[in-house]
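# A structural walkthrough
Next come the chains, spelled out residue by residue.
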Amino acid sequence: MAATASSPIVVSLISSLISSSSSSSCSSLIFTRLRSSPSFPISLTGKPLFFHRGKLMAHTLARATLGLTQPSNIEPPKISFTAKDIDLVEWKGDILAVGVTEKDMAKDGNLKFENPILKKLDSQLGGLLAEASSEEDFTGKAGQSTILRLPGLGSKRVGLIGLGQCTPSSPPAAYRSLGENVAAAAKVSQASDVAIVLASSEGLSAETKIFTASAIAYGTVLGIYEDNRFKSESKKPALKSVNIVGLGTGPEVQKKLKYAEDVCSGIIFGKKLVNAPANVLTPGVLADEASKIASTYSDVLSAKILNEEQCKELKMGSYLAVAAASANPPHFIHLCYKPLSGPVKVKLGLVGKGLTFDSGGYNIKTGPGCSIELMKFDMGGSAAVLGAAKAIAQIKPPGVEVHFIVAACENMISGTGMRPGDIVTASNGKTIEVNNTDAEGRLTLADALVYACNQGVDKIVDLATLTGACVVALGPSIAGIFTPSDDLAKEVLAASEAGGEKLWRLPMEESYWESMKSGVADMVNTGGRPGGSITAALFLKQFVDEKVQWLHIDMAGPVWNDKKRAATGFGIATLVEWVLNNSS
């Protein structure tokens, strides 16, 4: 239906008036007056406009006009990574970047480098590299970098990138900063071709070299990426190829470099989802994005998107109560990964909180520090799950079936919304007294966890930006994990270390459940302020089958980088590592 710019406001007003009307005569009066008024350029003749249809119409029209914002279709940069063993002096390209530790920067009595690689490069440059590093006060500390344009090499520029006190025993993830700093230098100089080498790689085992090369590639891809879809002007990065030198060659290295690219594509996808504002990324759009992943990788992924009526049939009263106030209807997302061939040895469930915007509901977020303007990131858990789905669909691990589940909706305010004091019933029959509408994420996760258990999974990991209490406890860089299973905790912690993400296990203190008891229902949805992240985890436990191993990740802190004012893509690398470890 064609409409003018004022139509969405009119239709929304009509929907609100109808929903708040207590009698049919009142609604008839509203329609009569609107039909006779020449000031509204919209026809309302034909079939009666029932409330639920009016609500959907308001959503359809308003979404097309709200802010007139359409993200630009900017593809992430495509970078070719190649592992080589070549003479650095002869390499031709834009930047030759050398990763150096503080120890590598040691000089002899003549102020010449002692490190063989730096000594060779400096000799070719007539001592200018050593001289310039002294003048720049470059000592190899982590985060330091200097890019010099010096004649004498095949490369246009030579760069020294500080690795601090890295040693052969340092985890490969420590080398991601090298890739990130090289990417930053490439942006500034608009470099197209780059080579990266470690000044000291002789102490690394063959296996460690492979993982180090992968970490460098990982850092480079994420370092070069910028989400400019919502900017009127943006500069496209020029970087096209990266040679990783001195860390081995052959199919094993190239396979690991491809793995890094696949994981990064999932992380970038997750970042884009979290960065997108709520007027662009509605629950319906999130479901569309999930369906696109399944369509792209249809050889291993299938998609099922449940609408509101289908969720009612499954008795998801807890989830639907949260969604009830929004003009944007809920969408329950279920992707399923099945390997191309071979038996399935284990079934996994990944469940992500999917609040595309959280106003707090009637317990609205107010006051300094409430961060309501950032509540687009309240779907960070779903972004992690869907980003992992994309990466896993590309990697195609054998022997494992994975269910990716998101109960997507908005937590808004209207006459149809959930109120403090309401009692809602989850799909496992348990009743919940809502004593705070801003503790809504756990209500959506309740039905999502029940649904996941019903898929016959052996293990579940859920991820959610669930509590501010976890941010207070662990700060902005570390996520808290909660689980009754020591074995599952060890699995996920090992995966997070390999993925370069920080997790910390917190206790599930059963005695704290006393604060979650209700006088009129099975439980309330939030306890007091003390131990808030623990009581939230204890709440989720009520909706997990005892036969299923389960772990909850509260990622409210690391989902967002305040300094960069952008999403981090947190959780995706850990999930992919965990799935692959279960595959093997």
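These lines cover the structure that appears in this document, whether it is placed above or below. Model, not experiment: these values are computed from the prediction.

This brings us to the layout of surface pockets. Counted as a void, the largest pocket has a volume near 1500 Å³. If you list the elements that add at least two residues to the lining of the largest pocket, you get helix H6 (176–189), helix H7 (206–224), helix H8 (251–275), helix H15 (486–499), strand E18 (560–561) and strand E19 (566–567). When residues of the lining of the largest pocket are assigned to their parent elements, the largest contribution, five residues, is made by H6. Residues that form the lining of the largest pocket fall into these classes: 15 nonpolar, 11 polar and 15 charged.

The next thing to look at is the nonpolar core. Formed by 102 residues in total, the largest nonpolar core has its most connected members in Leu-350, Phe-404 and Ile-553. At 11 residues, H8 tops the list of elements feeding residues into this core. Counting 51 residues, the second largest nonpolar core, distinct from the first, contains Leu-449, Ala-452, Trp-513 and Met-516.

As a further point, take the pattern of salt bridges. Here the structure, examined in full by the defined rule, presents 17 salt bridges. The shortest N-O distance in the salt bridge between Arg-229 and Asp-227 comes to 2.7 Å. Of the charged contacts in the structure, one is a salt bridge between Arg-505 and Asp-486, with a shortest N-O distance of 2.9 Å. With a gap of 19 residues between them, Arg-505 in strand E15 (residues 503–505) and Asp-486 in helix H15 connect regions that are remote in the sequence. Looking at Arg-505, the relative accessible area reads 32%, which means it is partly exposed. When its relative accessible area of 46% is taken as the criterion, Asp-486 is described as partly exposed. A single salt-bridge network, built from bridges that share partners, covers Lys-353, Asp-378 and Glu-440.

If you walk across this open sheet you meet the three strands as E11-E12-E16, and the pairing is mixed. In this open sheet, the two strands that pair with only one neighbour each are strand E11 (423–425) and strand E16 (523–524). As paired elements, strand E12 (residues 431–433) and E16 share two bridges and run parallel to each other. Bridge assignment links Glu-433 to a residue of E16, and that residue is Val-524.

Here we come to the sheet that holds strand E7 (residues 301–306). Reading across from one edge, E7-E8-E10-E9-E13-E17-E14-E15 is the order of the eight strands in this open sheet, with mixed pairing throughout. Both outer strands of the open sheet, E7 and E15, are each paired with one neighbouring strand and no more. Across the sheet, the mean angle separating the axes of adjacent strands is 20° when strand polarity is ignored. Sheet topology note: the E7/strand E8 (residues 331–337) ladder contains six bridges and is antiparallel. Looking at E8, one finds that Leu-306 is bridged to Phe-332.

Between its terminal C-alpha atoms helix H13 (residues 441–453) stretches 18 Å, which fits the 18 Å expected from 13 residues at 1.5 Å a residue. The buried fraction of H13 amounts to 13 of the 13 residues, a majority that puts the element mostly inside the structure.

Residue pairs spaced three or four apart in an α-helix point in one direction, given the helix's 3.6 residues per turn. Where helix H5 (residues 128–135) is concerned, the buried positions are Leu-129, Ala-130, Ala-132 and Ser-133. Each buried residue of H5 lies within a common arc of 165° when the element is viewed along its axis, so the set occupies one face. Buried residues belonging to H5 abut helix H4 (116–124), strand E3 (145–148) and strand E4 (155–162). At the C-terminal side of H5, Asp-137 shows a positive phi close to 55°.

Calculation rules
Residues numbered from 1 in each chain as written. Predicted model: local features only at pLDDT ≥ 70, side-chain atom pairs only at ≥ 80, totals over all residues. Heavy atoms only, no water. 1 Å grid on protein atoms, 1.4 Å probe; cavity = no way out; pocket = protein on both sides within 12 Å on 5 of 7 lines; lining within 4 Å. Points joined across faces, edges and corners; volume = space filled by probe spheres on them. Helix = DSSP H or I, 4+ residues; strand = E, 2+ residues; numbered from the N terminus. Nonpolar A, V, L, I, M, F, W, Y, C, P; charged D, E, K, R; others polar. Core = buried A, V, L, I, M, F, W, Y, C linked by side-chain atoms within 4.5 Å. Buried < 20%, exposed > 50% of the residue type's maximum accessible area, 1.4 Å probe, protein only. Salt bridge = Lys/Arg side-chain N within 4 Å of Asp/Glu carboxyl O. Pairing = 2+ DSSP bridges. Axes fitted to C-alpha atoms, helices over the stretch in contact; angles between N-to-C directions. Expected span 1.5 Å × (residues − 1). Arc of directions from axis to C-beta. Contact = heavy atoms within 4.5 Å.

From the geometry alone we can't say anything about function, so treat these as descriptive.
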